[in-house]
Amino acid sequence: MVTSALRPVVVPLALALLPAACGGGGGGGSGGGGGGAAASWSASSEGMEGADVLAVTRSGDGTRLFAGTRSRGVFVSLDHGATWARSGDGLPDASASDPQGVTPVRHLLADPSAVGVLYAATDQGVFVSLDDGDSWASLNSGLGTRRVLCVLADPTAPGTLFAAAPGSGVYRTTDSGRNWSRRVTGLSDRDLLAMAMAPSAPSRIYVSAESGVFVSVDGADSWTALAGSPLAVRALAVDPVDPMVVYAGQLAGGLSKSVDGGVSWSSTRSGLPNTFAVDGLTIDPQDPMRLYVALAGGGVRVTSDGAGNWASVVSDLDDGHVGCVSVDPLDSDRLFAGACGAGVFVSADAGQSWAARTEGFDGSIVRAFASDPDDPQQVFAATAAGVFRSADGGRNWVARSTGLSSLDVVDVAPAAGALPVVYAATEREGVFRSEDAGDHWVAVGAGLGSDRTTALAVDPRSADVLLVGTAFDGVYRSVDGGGSWEQRSQGLTNLQITDLLIHPVTPATVYAATRGGGVFRSVDDGATWSGLGNGLAGQVVLTIVMDPSDPDTLYVGTEDDGVFETNDAGGRWWRRNNGLGSDRIVELAVRPDDPSVVYAVSPGELNNGRNPGVWVSTDGAASWSRSNTGLEHVVLHAVLGVPAPVGGTVRVLVGSDGAGVAATR
C-alpha cells in the first residue's frame, strides 16, 4: 500500500506481481517457473485512461487550455497547462455498465465566431459548452448519439459546422448544431478516419477513409474520390494559405503530401519513421512550412521545410504514444502534446524542451494494487480517480467507483474467500465497503477517529474483520464489516500509520509501519503493540511485505535509507542496500513463485539526485539492480506480484503518477 496523505513532496507509485494469461499473442511474461529480473516494461493501462489525452485546444480568447481525454471527460487549465481541473459536467457516461467512465472526447473545437463556445466530438455525438467548458449539452438532433471523430467550423459562416461520423459519413449544421443533415453524395466509403478544412477556402474539405481520401469543394454538398490517394489516412492537415496543399498521415506510418488538391501525392519520409502510425498532424499557422506529427509510440516529429525532412522534438517522449499535438495560435513557439497515459506536455520553445503538465489529471495517479487472494487474476487498483478493477491480471481495467463520495483512494483490499467483498480507504472520506466486487460502494467509516485513512488489512478468517491505519490517529479495528470501529493503538508511540500487514498463518499477529517510529507488532489483533526498533528505530517506514515462504522474513522500504530486512519476525533489522543506495522506497513486492526475487519502487526525486524506477533483487535483497527499461521518465508509486495461472507466467505490475500501469513484457 502507498498513500500520498503523508508524502508532501512526491506521491509514490504502485507495484504488483501478476500472472500472465494462457494463450498466444502479445508479449509473454518475463520469466517462467524460476524468478528472474524484469528486463523491460510496457503499458498495461487499458481502461484506466484518465490521462489519455486525445485532443488539446485553446479557447478563442486564449485564456483557457482544454484537453479531451479517453475516459475522464474534459479538463481545463488557466495557467498554460501547469494545473488542470475537471470541466465536463453534462458529458454522458461511457456506457450503462461503466457509469464512472465518461464517453471518449476525441476532438475539441473553440467556436471561431463566439467567445466561450466550445464543441466536443465524442463517442455519443456532439456536445456544446456555452460557458468555456464548465457545462455541456447535447447537440444531436439529426445526428444521433453516434461516434464523432471531429467537428469543424466554417470561419466565414457563423453557425456552420461539420461532423465526421465513422460508418455514417459527414454531417452539416447551419444553426450551430441544433439540427444536422447528412451530406454523403459521392462519399462511397463512409467509414471515416479523419477530416480537415482548408482555412483559406472553408468550402474545401477533405475526409479520409480506409479506401483513400475524398474532397468536397462545395461545403460537403458533394464529394469526389481522389484516385491514387494514400490509404488508411488517420490524420489530415491543409496549408493555411494554399488550399491545394494537403498532408496525410497514415495508419501504417509515414506521411504523404499533395500540392494540387489531392490529384497527385508524394511520400515524405526522410527522418520520419514508417513504423509508427501518425495519430496527429498540425501546421504552424504562422509558418506553413513548419509541421508537427504525433506518432503512436514514436513521440513527436517536426519539419521546417514542408515535410521534406523530419526531426524529433520530444526526447522524453520518443518512445511514447502521443495522440495529438497542437500549436498555440497566439504563440507559435508554444506547443501542446497529448500523451496516452501521461497527460499533457508543453513546450515553450518550439519543441526544443518539454515539461509534463499533468497536475489535476486525477486518473493518472495509481497508488496501490491488491489482488483477490482466491483469484489472483482479479486485481484492484487504488487511484486518485477512484477504484479500477481488472479481471485479466492487469491488462484491461474498468472503473468501479459508484457510491464513492471521494475518488481519492489510497488503498484497496479484497476479502479472502468472500469475493465480491472489497474495502477502499480514501484520503479524506474514510473507508468504503463493496459487496459486489467494487460495482457499488457504501461508506463504513462512521466511528473512525480520522477520515484520513492510509492503509487497509482484511483478516483472512473473516471478510467482516479488518484493520485500518490512519494518518494521525493510529489503528482502528472493525469486526462487523465497518459498521463500528474500535481504536487499537495501545503501545503505539507513533500514530502516523503508513502500512499494515496481517500474518497469513496466525492472523492475530499484525505489523504496522509508521512515519518516524519504525515498525510495531501486535500479537492480539491490534489490542496492544510493541516496537520492533532494533536496527530500525526512528525510521520513516513506508511499506512492509512478508516472504510468503518464510513469515519470519520481512522487508520494509524507508523514506531515506532504502530497504531493511528481518529474518526473526522483527527482532533485528538489517540494511539491504547493496546496489540500491539510500533511495526512497515506497513499495515492495516479493515474487510469488520465487521469494528470492524482490522488487522495490522508488518514485525518484531528481532535485536531490535520487533516481526513479524499479529495482530488483534475485537473492533475497542481498543485492539490487535497476530494471527500468521503458520507465525511465515515469514517477512510480506501487507494485504488485500475482501468482501465475496454470501454464502462465508471473507478471509484475507497477502503477505511476502520470503514466497509468506498466507491466513486465
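Basis of the calculations
- Residues numbered from 1 in each chain as written.
- Predicted model: local features only at pLDDT ≥ 70, side-chain atom pairs only at ≥ 80, totals over all residues.
- Heavy atoms only, no water.
- Helix = DSSP H or I, 4+ residues; strand = E, 2+ residues; numbered from the N terminus.
- Buried < 20%, exposed > 50% of the residue type's maximum accessible area, 1.4 Å probe, protein only.
- Contact = heavy atoms within 4.5 Å.
- Areas by Shrake-Rupley, 256 points an atom, 1.4 Å probe, with all protein chains shown as cover.
- Pairing = 2+ DSSP bridges.
- Salt bridge = Lys/Arg side-chain N within 4 Å of Asp/Glu carboxyl O.
- Polar contact = N/O pair within 3.5 Å; in protein donor to acceptor, adjacent residues only side chain to side chain.
- pLDDT = per-residue confidence, 0-100.

## Looking at the overall build of the chain
- Secondary structure assignment for the chain yields 0 helices and 59 strands.
- Counting over 665 residues, the chain shows a buried share of 61%.
- Within the chain, contacts between residues separated by at least 24 positions form 49% of all contacts whose residues are at least 6 apart in sequence.
- Accessible surface, the chain as shown: approximately 22300 Å² in total, 49% of it carbon and sulfur.

## Regarding the sheet that holds strand S17 (residues 192–197)
- The strand order across the open sheet formed by 4 strands is S17-S18-S19-S20, and the pairing between neighbours is antiparallel. The two strands at the open ends of the sheet, each matched to only one other strand, are S17 and strand S20 (224–225).
- In this structure, strand S19 (residues 212–216) lies alongside S20, joined through 2 bridges in antiparallel fashion. Pairing of Val215 across the sheet is with Thr224, part of S20.

## Re the pattern of salt bridges
- Tallying each qualifying case throughout the model produces 22 salt bridges.
- We note a salt bridge from Arg234 to Asp279, for which the minimum N-O separation is 2.8 Å. Of this pair, Arg234 sits in strand S21 (residues 233–238) while Asp279 sits in strand S25 (residues 278–284); the two residues are 45 residues apart in sequence, bridging distant segments of the chain.
- By relative accessible area, Arg234 is classed as partly exposed at 31%.
- On the basis of relative accessible area, Asp279 is assigned to the buried category, the value being 17%.

## Overview of the sheet that holds strand S37 (residues 409–414)
- With respect to topology, 4 strands assemble into an open sheet ordered S37-S38-S39-S40, the strand pairing being antiparallel. Strand pairing shows two members of the sheet lacking a second neighbour, S37 and strand S40 (442–443), which therefore form its edges.
- Summarising the sheet, S37 and strand S38 (residues 422–426) pair through 5 bridges and their orientation is antiparallel. Across the sheet, Val412 pairs through a bridge with Ala424, a residue of S38.

## Focus: the environment of Arg576
- Relative to the helices and strands, Arg576 is located in the loop between strand S52 (574–575) and strand S53 (587–590).
- Taking the C-alpha atoms as reference points, Arg576 and Trp624, separated by 48 residues in sequence, lie 8.7 Å from one another.
- The contact partners of Arg576, leaving out residues within four places of it in the chain, are Val563, Phe564, Glu565, Asn567, Ala621, Ala622 and Trp624.
- A distance of 2.8 Å separates polar atoms of two side chains, one belonging to Arg576 and the other to Glu565.

## Observations concerning the side chain of Gln539
- Along the chain, Gln539 falls in the loop between strand S48 (530–531) and strand S49 (541–547).
- In this structure Gln539 comes out as buried when scored by relative accessible area, which is 14%.
- If near-sequence neighbours (up to four positions away) are discounted, Gln539 is found in contact with Thr514, Gly516, Gly517, Gly518, Thr558, Asp561, Phe564 and Arg575.

## A look at the side chain of Thr470
- Counting through the fold element by element, Thr470 comes out in strand S42 (residues 466–470).
- Here Thr470 falls in the buried class, since its relative accessible area comes to 0%.
- Of note is the side chain of Thr470, whose polar atom sits 2.9 Å from the backbone nitrogen of Asp473.
- Within polar-contact distance, the side chain of Thr470 engages the backbone oxygen of Gly474 at 2.9 Å.
- Once you skip the residues sitting within four places of it in the chain, Thr470 turns out to touch Ser450, Arg452, Thr453, Thr454, Tyr476, Leu495, Gln496 and Ile497.

## Some words on the environment of Ser222
- Along the chain, the position of Ser222 falls in the loop between S19 and S20.
- Judged by relative accessible area, which is 30%, Ser222 ranks as partly exposed.
- Excluding residues that lie within four positions of it along the chain, Ser222 makes contacts with Thr185, Val215 and Ser216.
- Of note is the side chain of Ser222, whose polar atom sits 2.7 Å from the side chain of Asp218.

## A word on the environment of Ala220
- Note that Ala220 resides in the loop between S19 and S20.
- You can call Ala220 buried: its relative accessible area is 0%.
- Counting along the chain gives 38 residues from Ala220 to Arg182, while the straight-line C-alpha distance between them is 9.2 Å.
- Discounting chain neighbours no more than four positions away, the residues touching Ala220 are Phe162, Val170, Arg183 and Ile205.

## Digging into the pairing of strand S43 (residues 475–478)
- Of the two faces of S43, the one holding Val475 and Arg477 and the one holding Tyr476 and Ser478 are both buried throughout.
- Here S42 runs beside S43; their pairing, made up of 4 bridges, is antiparallel. Counterpart to Gly469 in the pairing with S43 is Val475.
- Counting the residues in the hairpin turn of S42 and S43 gives 4 residues, including Gly474, whose phi is positive at 75°.
- Judged from the 2 bridges that link them, S43 and strand S44 (residues 486–487) form a sheet pairing that is antiparallel. Pairing of Tyr476 across the sheet is with Gln487, part of S44.

## Notes on unusual backbone geometry
- Here the phi dihedral of Ala220 falls at roughly 80°; this positive angle occurs in a residue that is not glycine.
- One non-glycine residue with positive phi stands out, namely Ala437, at about 60°.
- In this fold, Ala437 is placed in the loop between strand S39 (431–434) and S40.

## A few points about the pairing of S49
- Most of S49 sits out of view: 7 of its 7 residues are buried.
- Pairing geometry for S49 and strand S50 (residues 550–558), over 6 bridges, is antiparallel. When the sheet's bridge partners are listed, Ile544 is paired in S50 with Val556.
- Hairpin geometry of S49 and S50 is characterised by an intervening segment of 2 residues between the two adjacent antiparallel strands.

## Focus on the confidence of the model for the chain
- Looking at the chain, the pLDDT average stands at 81 and 79% of residues meet or exceed 70.
- Considering only residues more than four positions removed or in separate chains, one finds that residues 1–13, a stretch of pLDDT under 50, has 72 contacts.
- Long-range and interchain partners of residues 605–609, a stretch whose pLDDT sits below 50, account for 4 contacts in this model, where long-range means more than four residues apart.

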